[in-house]
Amino acid sequence: MVHPAQGQMVQDLAAGGELGAPPSRYVLREKDRPVAAAGAVQAAQRELAAIPTIDVSRLAAESGDDVVDDGGEAAKLRSALQSWGLFAVTGHGMPEPFLDETLAATRVPFHLPPEETERYCNGVAAADADGVGAGGERFQPEGYGIDRVDTDEQILDWCDRLYLQVQPEEERRLEFWPEHPAALRGLLEEYTRRSEQVFRRVLAATARSLGFGEEFFGDKVGEKVTTYARFTYYPPCPRPELVYGLKPHTDNSVLTVLLLDKHVGGLQLLKDGRWLDIPVLTNELLVVAGDEIEVIVIKSW
């Protein structure tokens, strides 16, 4: 069974027009709020993170004695993983118009009529004890909705999301893929393919920097990398200082390749006990080290 709050979309709350403050389910305890008692003073002191930028096209792609990295990108990569856990990426081969089109297509599913978005809902009918019939509803990660709600006390994030498995292709659950816009599937496939090239080049360079063969990590993830896409929509909030758009977390992944809105900031990084603002990117992508790469790689340096 799913929690009753599971079906409440944040954008439906925000669209009411008379919402003076977020409902209590979304309001953080005072000590957890993004802007605490210092208020405007703290906000004025917010720092912009000077994150590294790496040209992945200059990360050596060849193996053996012919490896040449004349731009020092491998050293920058190692430093970025050690010091930041993330970095901006250029040289990824994705033209800006393609990224703009992809980002625009990912916005469309959040503005479809309710009768259409309900078809992709992440609360699905559950089978009864015999595996047939109506057994209520159950939550499953893929599809349209909000993140899982487990308890009445849980503070909810101020966002809606669409979550899809993209690769391997034979494991896609297309019943959760929106039919509109029609271009979304092709754009997502192309973005995933090109992102995987970034992913594998970073893994190979990381392996070399550790003294391993460049396929050390590639062999472990295999030829068919399990890949998920998450699209997150943050509706306008009447009191944004009271909520988290998305609560502090680490990524349960090897690497995450993020395409950010180039007109709106908000993403933050916790570094040395301080929350720093990630700068708005234009034609760069943001690569984030997930839990697996942190445990296996960063701890070994």
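A. Molecular detail of the packing of helix α3 (residues 73-83) against helix α6 (residues 184-209). Interhelical geometry of α3 versus α6 gives an angle of 90 degrees and a closest axis separation of 10 Å. Between α3 and α6, the angle falls in the class roughly perpendicular. Taking contact as the criterion, the partners of L77, R78 and L81 in α3 are, on α6, V202, A205, T206 and S209. Tallied by class, residues from the contact of α3 with α6 come to four nonpolar, two polar and one charged.

B. The arrangement of unusual backbone geometry in detail. Between Q167 and P168 the backbone carries a cis peptide bond, its omega angle lying at -5 degrees. Within the secondary structure layout, P168 lies in the loop between β7 (160-167) and α6. Between H180 and P181 the backbone carries a cis peptide bond, its omega angle lying at 0 degrees. For P181, the location among the structural elements is in the loop between β7 and α6. With a phi close to 55 degrees, D272 is a non-glycine residue in the positive phi region. One can find D272 in the loop between β10 (268-271) and β11 (274-277).

C. Quick look at the packing of aromatic side chains. This structure, assessed with the given rule, holds seven aromatic pairs. Look at F110 and Y233: their rings are 5.5 Å apart centre to centre, the planes differ by 25 degrees, and that puts the pair in the stacked class. One end of the pair, F110, is in the loop between α4 (96-107) and α5 (114-117); the other, Y233, is in strand β8 (residues 227-233), and 123 residues separate them in sequence. With relative accessibility at 4%, the residue F110 sits in the buried group. Of the residues examined, Y233 reaches a relative accessible area of 22% and is grouped as partly exposed. A ring pair is formed by F216 and F217, whose centres lie 5.0 Å apart and whose planes are at 85 degrees; its orientation type is edge-to-face. In this structure F216 comes out as partly exposed when scored by relative accessible area, which is 28%. Every member of this aromatic cluster is reached through a ring pair, and the members are F110, Y144 and Y233. Over the ring of F98 we find R194; its NZ or CZ atom is 5.5 Å from the centre of that ring. One cation-aromatic arrangement involves K271 over W84; the distance from NZ or CZ to the ring centre is 4.8 Å.

D. Seen up close, α4. With 12 residues, α4 should reach 16 Å at 1.5 Å per residue; the first-to-last C-alpha distance of 17 Å fits that figure. What α4 keeps buried is the set F98, L99, T102, L103, A105 and T106. End-on view of α4: buried residues confined to an arc of 160 degrees, all on one side of the axis. Residues of α4 that are buried in the fold lie against α6, β8 and β12 (285-289).

Criteria and thresholds
- Residues numbered from 1 in each chain as written.
- Predicted model: local features only at pLDDT ≥ 70, side-chain atom pairs only at ≥ 80, totals over all residues.
- Heavy atoms only, no water.
- Axes fitted to C-alpha atoms, helices over the stretch in contact; angles between N-to-C directions.
- Helix = DSSP H or I, 4+ residues; strand = E, 2+ residues; numbered from the N terminus.
- Parallel < 35°, antiparallel > 145°, perpendicular 65-115°, else oblique.
- Contact = heavy atoms within 4.5 Å.
- Nonpolar A, V, L, I, M, F, W, Y, C, P; charged D, E, K, R; others polar.
- Phe/Tyr/Trp six-rings, centres within 6.5 Å; stacked < 30°, edge-to-face > 60°.
- Buried < 20%, exposed > 50% of the residue type's maximum accessible area, 1.4 Å probe, protein only.
- Lys NZ or Arg CZ within 6 Å of the ring centre and 35° of its normal.
- Expected span 1.5 Å × (residues − 1).
- Arc of directions from axis to C-beta.

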